[in-house]
Every structure is written in structure tokens, then in C-alpha cells.
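Each chain, written out:
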Amino acid sequence: MTVVTFLQKISAGRLFALFQKEVRQILRDKQLLFLLVIPPTFQLLLYGFALNPMVQDLRIAVSDLSSSPTSRELVSAIVENHVFDVIKTGYTPTSAIKAIKEGKAEAALIVPPEFNRKIKEGLTAKVQILLDGVDANTAGIADGYLQQIINSYNLLLKPPPALLGTIQPQITFLYNPGLISSWFFVPGVMGLVLNLAGSLVSSSALIKEKESGTLEQLVMTPASSVEVLIAKILPLFILLMGNVCLALAVGKFVFNIPFRGNPFLFFLVSALYVFVAISIGLTLASISQNQRQAILTSFFINLPVIQLSGAVAPLQSMPKFFQYISLINPLRYYIVCIRSILLRGVGLDVIWPNVLMLAIFAVVLLTLSARRFRTQLG
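If you're wondering where the values come from, they're calculated on a predicted model, not measured in any experiment.

Draft legend 1. Examining the sheet that holds strand β1 (residues 58–64) more closely. One open sheet accounts for four strands, arranged β2-β1-β3-β4; its pairing is mixed. In this open sheet, the two edge strands, each paired with only one partner strand, are β2 (84–88) and β4 (128–131). The average undirected angle you get between the axes of adjacent strands in this sheet is 30°. Pairing geometry for β1 and strand β3 (residues 107–111), over five bridges, is parallel.

Draft legend 2. A look at the side chain of Asn354. One can find Asn354 in helix α15 (residues 348–377). Among residues more than four places away in sequence, those in contact with Asn354 are Tyr333, Val336 and Cys337.

Draft legend 3. Geometry of the pairing of β2. Where β1 meets β2, four bridges bridge the pair, whose relative direction is parallel. Among the inter-strand pairings, Leu58 is bridged to a residue of β2, identified as Phe84. Between the parallel elements β1 and β2, the chain passes through helix α4 (residues 69–79) in a crossover that is right-handed.

Draft legend 4. Molecular detail of unusual backbone geometry. Non-glycine residue Ser67 carries a positive phi angle of around 50°. Among the structural elements, Ser67 can be located in the loop between β1 and α4. The phi angle at Asn256 is positive, at roughly 55°, despite the residue not being glycine. Relative to the elements of secondary structure, Asn256 occurs in the loop between α10 (225–253) and α11 (263–287). For Asn256, a relative accessible area of 53% translates into the label exposed.

Draft legend 5. Spatial organisation of the environment of Ile110. Looking at where Ile110 falls in the secondary structure, it is placed in strand β3. Exposure remark for Ile110: the relative accessible area of 9% places this residue in the buried category. In this structure, the C-alpha to C-alpha distance between Ile110 and Pro93, residues 17 residues apart in sequence, is 6.3 Å. Excluding its chain neighbours within four sequence positions, the residues that come into contact with Ile110 are Ser63, Pro93, Val127, Gln128 and Leu130.

The rules behind the values
- Numbers given to residues run from 1 along each chain, matching the order in which its sequence is written.
- The predicted origin of the model limits local features to residues at a pLDDT of at least 70 and limits the giving and counting of side-chain atom pairs to 80 or more, whereas totals for whole chains, interfaces and linings rest on all residues.
- To get the side-chain values, all heavy atoms of the structure are used, and hydrogens and water are removed first.
- Two strands make a pair as long as DSSP finds a minimum of two bridges between them.
- The secondary structure listing takes helices from DSSP runs of H or I that are at least 4 residues long and strands from runs of E that are at least 2 residues long, numbered from the N terminus.
- The convention used is that axes are lines fitted to C-alpha atoms, helices contributing only their stretch in contact, and that angles between N-to-C directions extend from 0 to 180 degrees.
- Throughout, a contact is declared for two residues whenever any of their heavy atoms are within 4.5 Å.
- With the strands pointing away from the viewer, any crossover whose connection runs clockwise from the first strand over the helix to the second is right-handed.
- Each residue's exposure class comes from its accessible area (1.4 Å probe, protein chains only) as a fraction of the maximum for that residue type: buried when under 20%, exposed when over 50%, partly exposed otherwise.

Structure follows, in C-alpha cells:
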């Protein structure tokens, strides 16, 4: 279909009338408005506060067989930064291990009786640390913390000789000086929420009209399939862009995420992905007979899209095979774009490959889903 033929099929009067009809229908649909506002806000708050790679208040059982000032200083150093919380210091080695087994502690520290004597004599004093490895991620992070705490404590016990040269690095964290985890997660969750809301809301709106029989009634009107399609997409597009603004406001005012980039570029990229989400919803509506079937089918589409997008877990941590598969995932490119715009403040000259891929996905998916919808409508 050429552009001229496409424009010839559109009547401004009919299109405006259909647009008004769609807007009134959406505003009367309380369930649709609920899906647009409440779940996205709840998901942003939940993921923003709950997803945190840092660990704190890990319970550690201490079996201090030395009972000396030096061993007590070691215990104080371990709990000083609130990563570990000593639940009891009177354990025996056996009871400390039992505390981990029963789930009462995530770690155990066993200080031998000769600990203080060896420290005073300048010898190497060994302590035993036991970690619950059921949660491998938490155990790995706890191990790193303990290694760092004990190394720092060693420097206090035995400062390096003044005659030897030392290396003192000066580390600066760019774009997120406080290493706030929500600054990483929330932009990813914004893409996740937009994908879910866009696909489910658009499919729900179309299927509800299909179930009520009004979709077939449109075939009897003078309006062309092109006008019907545009009239259905435009209100959903406006509503979903409002969803983008809502997510941005939650990120800014609740999690204090900076906005360092160009607002026009941000909304342009978001508009492209809104079309992608609507395309997924149109496809779901065209292959589903009712809303329940559409929701169940969406799990087979949205879950892989979300998992392979880098929204929650970094793509670099995935196996190479899944990294290659993620190249055909449009959500991946959207999340890269909004993180770069919000946190790094980069422009189109830097992220244009991702924007180009997003535009290609938007055009291809919208064209294919629209063709399928027009075929079904005809």
C-alpha cells in the first residue's frame, strides 16, 4: 500500500468520530483504567524498594573461645557496618554450626583459644568462618564483605612499614556516586511495566470489544479498516504515554532518580516502544478468543522478553547464548536507551544504534500486527 493510497482511505470526519467513540469507551472501562494506573505504580514501588543487590543484617553466630579484648574488637569490626548482626556470642563450635543448619543464622565465626596469644606474638592467627551456601548469591556477597572487613582489621593491627611504598587508589563512581541500586533497577522496571501494561491493556481493550460484538458492527460502517485501526491505536498510545509520565514521576519523586538527558529524546524513544507494546497487544488480541486466553498467552511472550532484556539482571551476567538471543528483544534496546538518557545524559549521537533498532522493531511489529488485525476485521 502506497502512502497516497493509504491517505485516500482516511476520512478526517470518520476518523475523529471513531476516535471519540474509542475514548469514551476507554473512559467507561474502569478495569482498563485500573490496569493502567495501579499495577504499574505498585510494580515500580515494589521492584524499586525490594530489588537490592546489597545485603544487610545477616545473622552471624559467634563462638569466641578466646574471650579476649582482641577477639571482641574483631567481632565489633564485623558488625560495625550493619552488614552482620551478632545473634549470640556464647556458642560452641557445634552449636554455631547447628544455628546455621536450623536457619537461625546465615554465618558463624569461630575464634580459637590461642587467637589473642598469636596476635600479641605477631604470628598469624586463624579464625574459621562458616557461611550458609543455600543462597549462593548472598553467601558470595557475605564472603566478600568478611574478606574486606578482616583485611581492614589486619591493617589496624599491623600497619605497613613506613619505608615501603604503598599504593593508594582514588576511586570515583560516575553517574551514581552513592551506588544506589534503585537507580539501576527502576529504569529497567519502567520498561518492564510499559511492556506489560501496553500489551495487556491493548489486547484487553480489543478482546472486550470482540466479545461484546461491537467489533463486527464496525465492519458495517462506512469506515475503512485503516481508520478503525488508527482510531483504536491513538487513544491507547495517548494513555500509554501517560503511563510513561506516571512511571517517570514515581522514579523522580520517590526514588530521586536524576534526569540528565534530553526530555524530547526520552519521550521519542518511549513512543517507539509504546508502538511495540501495542503491536504485541494487537497480536495477542488477534490470536485469542477471550481475555483469559490472551493473559495466559502473554506469559509465553512477556516473560522471555522481560528476562532477556537486562531490566533486572545485567545482560553481561547471562550466558553468551542468551546474550545473542536478546539481540532480537526490543525491550533490551529500550532499557539501554532510557538508562543512558536518565543516568548518563547522553544524546542521540551515542545511542542511535539502539534507537534505530527500536524504530525497526516498532515499524515491523506494528505493520505485521496491523495487517493481521485488518485481515481479521475484514
